[in-house]
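The residues making up each chain are set out below.
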Amino acid sequence: PVFSYIGHPLVRRGALAGLNKVDWINRLARRAALNARKILAGKPASDLPVGISRQAQLMVNIRTARILGTYPSFKALTDATLINEAEDPTTRALDLMTVLEEAILVNLGLRAGGRSAAANEGVVDQARAGLRPQASARATATLIDQDRAESAASPAERTLSGALTLSQVIWSDAVWANLSVEKLGQLRRNLAWEQDRLDVALVAAQAYLNVLLGQTQQNILAANLRLSRSNLERAKMRRSLGAASSAEVYRLESQIAGQRADLIAAATQRKLAEMEMNRVLAYPLEQPFTLTEVALDEQVSLLLDPRVTQYADNIVGLDTLKDFLVAKGLRAATELHQIDADLAAQKRLLLAARRAFYSPDLTLAGEVSQLLGEGGEGADLDIPGAPDDTDWNLSLNLQLPLWEG
């Protein structure tokens with residue numbers, strides 16, 4: 001850690017701190033030149049003033065402080081001129097587009113919403129399954145009492161049979177309505193996720209601009225504070241010369257106290273904005289970063305496009321531009337598309353409820369069963385005219401509710 005007596009030049013080159021004005025060396029050179037000129041003009045050197053006013057302005061090289069692992073107090077930072085404050089090669093450098101892309105990519109809420117929307121695709125598949133063939137297989141092992149098995153009309157004492165069942169819905173408005181509603185529900189969920197993506201991008205952009213705003217406000221307040229300190233030094237000098245009263249000094253001292261409080265509040269707001277930025281990007285809240293200034297001509301190229309500006313210089317053209325932007329906004333608004341999906345789902349449910357009074361359910365079903373084995377009493381009975389061991393049936397079912405309360 002080095003404290004530079006001549007201040008600014010050596011602080012710029014890496015000294016930790018210094019205590020003088022930026023132009024102090026130049027002022028010394030000018031004073032020496034003027035004194036030499038007066039001596040050459042014949043004025044006695046003993047009559048020349050040798051004192052020079054120098055403001056005690058603290059300067060701190062923040063990059064050096066980081067390397068040394070030591071940091072000035074908050075009071076010192078408020079009073080000091082900070083050099084290389086934003087120059088830290090280890091921090092992330094972010095621009096606006098990078099922030100938007102990272103926010104959409106890594107935001108935890110968006111990632112959870114995307115997985116939820118993907119998982120709900122299975123709900124649509126479940127609804128569609130009601131329209132597909134349904135097949136099932138079963139095996140049955142039966143044991144009956146011996147005296148019943150000895151009867152010719154009963155199966156053997158021990159039997160093992162298997163069956164294959166197949167069914168297909170030919171028409172069911174309730175099943176079709178359920179599929180339509182689930183499709184619309186999935187569309188709404190996808191739109192809601194897209195809206196979340198837009199919201200996250202908006203929050204990220206606002207956080208980015210809030211950090212830049214906080215930095216700018218802090219720099220402006222710091223510059224105002226330095227100016228007030230310079231005015232205070234001049235006021236003290238005028239008071240010592242009798243050209244000003246103490247009231248001016250007290251007023252500036254009070255003003256400096258208020259400006260210091262404002263500067264501390266601005267630094268706090270900037271820190272909060274930086275924490276919000278890290279939260280949106282799913283980084284540790286205290287992780288440092290640097291931001292690229294937003295260039296107006298780069299970020300608002302659409303508004304500066306001649307196709308837009310030609311409509312913005314008169315009231316008629318402005319109304320045309322307004323109507324165009326409103327219409328485009330309505331077409332692109334995911335919130336409105338979500339409402340449309342909800343309305344379509346409710347209309348389909350209402351239609352299904354009305355059709356339930358007259359639209360039947362039609363189903364085709366069939367089953368094949370096979371006796372796989374038998375044993376015990378009655379297994380060897382040979383009954384003339386008895387059916388073989390394979391059974392099958394095919395049925396067409398038509399169902400219409402007559403009364404459901």
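Residues numbered from 1 in each chain as written. Predicted model: local features only at pLDDT ≥ 70, side-chain atom pairs only at ≥ 80, totals over all residues. Heavy atoms only, no water.

Description of the overall build of the protein
Then, in step 1: Looking only at helices and strands, one finds 14 helices and ten strands in the protein.
Then, in step 2: On C-alpha atoms alone, the protein measures out to a radius of gyration of 43 Å, which is more than a quarter above the 22 Å that the 2.2 N^0.38 rule sets for 405 residues.
Then, in step 3: Dimensions along the principal axes, computed over C-alpha positions, put the protein at roughly 155 × 65 × 40 Å.
Then, in step 4: Within the protein, residue pairs in contact and separated by at least 24 positions form 70% of the contacts whose partners lie at least 6 positions apart.
Then, in step 5: If you sum the accessible surface of the protein, you get close to 26,400 Å²; carbon and sulfur atoms cover 60% of it.
Then, in step 6: Each charge class in the protein was averaged separately, 44 positive and 47 negative side chains, and the resulting centres sit 24 Å apart. (Helix = DSSP H or I, 4+ residues; strand = E, 2+ residues; numbered from the N terminus. Rg over C-alpha atoms; globule rule 2.2 N^0.38 Å. Contact = heavy atoms within 4.5 Å. Areas by Shrake-Rupley, 256 points an atom, 1.4 Å probe, with all protein chains shown as cover. Lys, Arg positive; Asp, Glu negative; His and termini not counted. Charge placed at Lys NZ, Arg CZ, Asp CG, Glu CD.)

Notes on the sheet that holds strand β9 (residues 361-375)
Strands belonging to one sheet form pairs held by backbone hydrogen bonds; the direction of such a pair is parallel or antiparallel.
Then, in step 1: The sheet built from four strands is open, its strands ordered β6-β7-β9-β10 with antiparallel pairing. Each of the sheet's edge strands pairs with one partner strand only, and the pair in question is β6 (134-143) and β10 (390-399). For this sheet, the mean angle separating the axes of adjacent strands, direction not counted, is 20 degrees.
Then, in step 2: Bridge count between strand β7 (residues 158-171) and β9: 13 bridges; the pairing is antiparallel. If you follow L160 over to β9, its bridge partner there is G373. (Pairing = 2+ DSSP bridges. Axes fitted to C-alpha atoms, helices over the stretch in contact; angles between N-to-C directions.)

Side note on the packing of aromatic side chains
Then, in step 1: Scanning all chains against the criterion turns up zero aromatic pairs.
Then, in step 2: Between the NZ or CZ atom of R197 and the centre of the ring of W193, over which it lies, the distance is 5.5 Å. (Phe/Tyr/Trp six-rings, centres within 6.5 Å; stacked < 30°, edge-to-face > 60°. Lys NZ or Arg CZ within 6 Å of the ring centre and 35° of its normal.)

Focus: the sheet that holds strand β2 (residues 17-19)
Then, in step 1: Pairing is mixed in the open sheet, where four strands are placed in the order β1-β2-β3-β4. Single-partner strands in this sheet number two, and they are β1 (3-4) and β4 (81-83).
Then, in step 2: Across three bridges, the pairing between strand β3 (residues 58-61) and β4 is parallel. Across the sheet, residue V60 finds its bridge partner in β4, namely L82.

Some details on the environment of T64
Then, in step 1: Within the secondary structure layout, T64 lies in helix α3 (residues 62-68).
Then, in step 2: What makes T64 buried here is its relative accessible area of 13%.
Then, in step 3: Along the sequence, T64 and I83 sit 19 residues apart, while their C-alpha atoms lie 9.5 Å from each other.
Then, in step 4: With residues up to four places along the chain from it excluded, the contact list for T64 reads G14, A15 and L16. (Buried < 20%, exposed > 50% of the residue type's maximum accessible area, 1.4 Å probe, protein only.)

Structural notes on the pattern of salt bridges
Charged atoms that come close allow side chains of opposite charge to pair.
Then, in step 1: Using the criterion set out here, one finds eleven salt bridges in the structure.
Then, in step 2: Residue E367 is joined to R138 by a salt bridge in which the shortest nitrogen-to-oxygen separation is 3.1 Å. Placement of the pair is E367 in strand β9 and R138 in strand β6, with a sequence separation of 229 residues.
Then, in step 3: Its relative accessible area of 44% is what places R138 among the partly exposed residues. (Salt bridge = Lys/Arg side-chain N within 4 Å of Asp/Glu carboxyl O.)

Examining the nonpolar core
Then, in step 1: Within the largest apolar cluster, 20 residues are counted, with the highest numbers of intra-cluster contacts made by V99, Y208, M277 and L291.
Then, in step 2: Secondary-structure elements contributing two or more residues to this core are α5 (96-106), α9 (173-241), α10 (246-280) and β8 (289-291).
Then, in step 3: It is α9 that contributes the most residues to this core, eight residues altogether.
Then, in step 4: If near-sequence neighbours (up to four positions away) are discounted, V99 is found in contact with L94, A204, Y208, M277 and L281.
Then, in step 5: Counting residues in hydrophobic clusters, the runner-up holds eight residues, among them A222, L232, A235 and I256. (Core = buried A, V, L, I, M, F, W, Y, C linked by side-chain atoms within 4.5 Å.)

Topic: the packing of helix α6 (residues 108-119) against helix α7 (residues 121-129)
Then, in step 1: Between α6 and α7, whose axes approach to 4 Å, the crossing angle comes to 10 degrees. In this view, α6 runs roughly parallel relative to α7, as classed from their interaxial angle. Here α6 contributes A117, A118 and A119 to the contact with α7, which in turn contributes E121, G122 and V123.
Then, in step 2: Residues of the contact of α6 with α7, tallied by class, amount to four nonpolar, one polar and one charged. (Parallel < 35°, antiparallel > 145°, perpendicular 65-115°, else oblique. Nonpolar A, V, L, I, M, F, W, Y, C, P; charged D, E, K, R; others polar.)

Thoughts on the environment of E121
Then, in step 1: Within the secondary structure, E121 sits in helix α7.
Then, in step 2: With relative accessibility at 36%, the residue E121 sits in the partly exposed group.
Then, in step 3: A C-alpha to C-alpha distance of 74 Å links E121 and R234, two positions 113 residues apart in sequence.
Then, in step 4: Filtering out sequence-adjacent residues up to four positions away, E121 remains in contact with Q186 and N190.

Quick look at the pairing of β7
Each regular strand shows side chains that alternate between the opposite faces of the sheet.
Then, in step 1: Sheet analysis places β6 next to β7, joined by ten bridges and oriented antiparallel. Bridging from a neighbouring strand, L143 pairs with R158 of β7.

Section: the side chain of R270
Then, in step 1: Topologically, R270 is positioned in helix α10.
Then, in step 2: The exposure class assigned to R270 is buried, which follows from its relative accessible area of 16%.
Then, in step 3: Residues within four places of R270 in sequence aside, it is in contact with E85, G214, Q215 and Q218.

Topic: unusual backbone geometry
Then, in step 1: One non-glycine residue, A282, lies in positive phi territory at about 60 degrees.
Then, in step 2: Along the chain, A282 falls in the loop between α10 and β8.

A closer look at the pairing of β3
Then, in step 1: When β2 meets β3, the two strands line up antiparallel, connected through three bridges. For G18, the partnering residue across the bridge sits in β3 and is M59.

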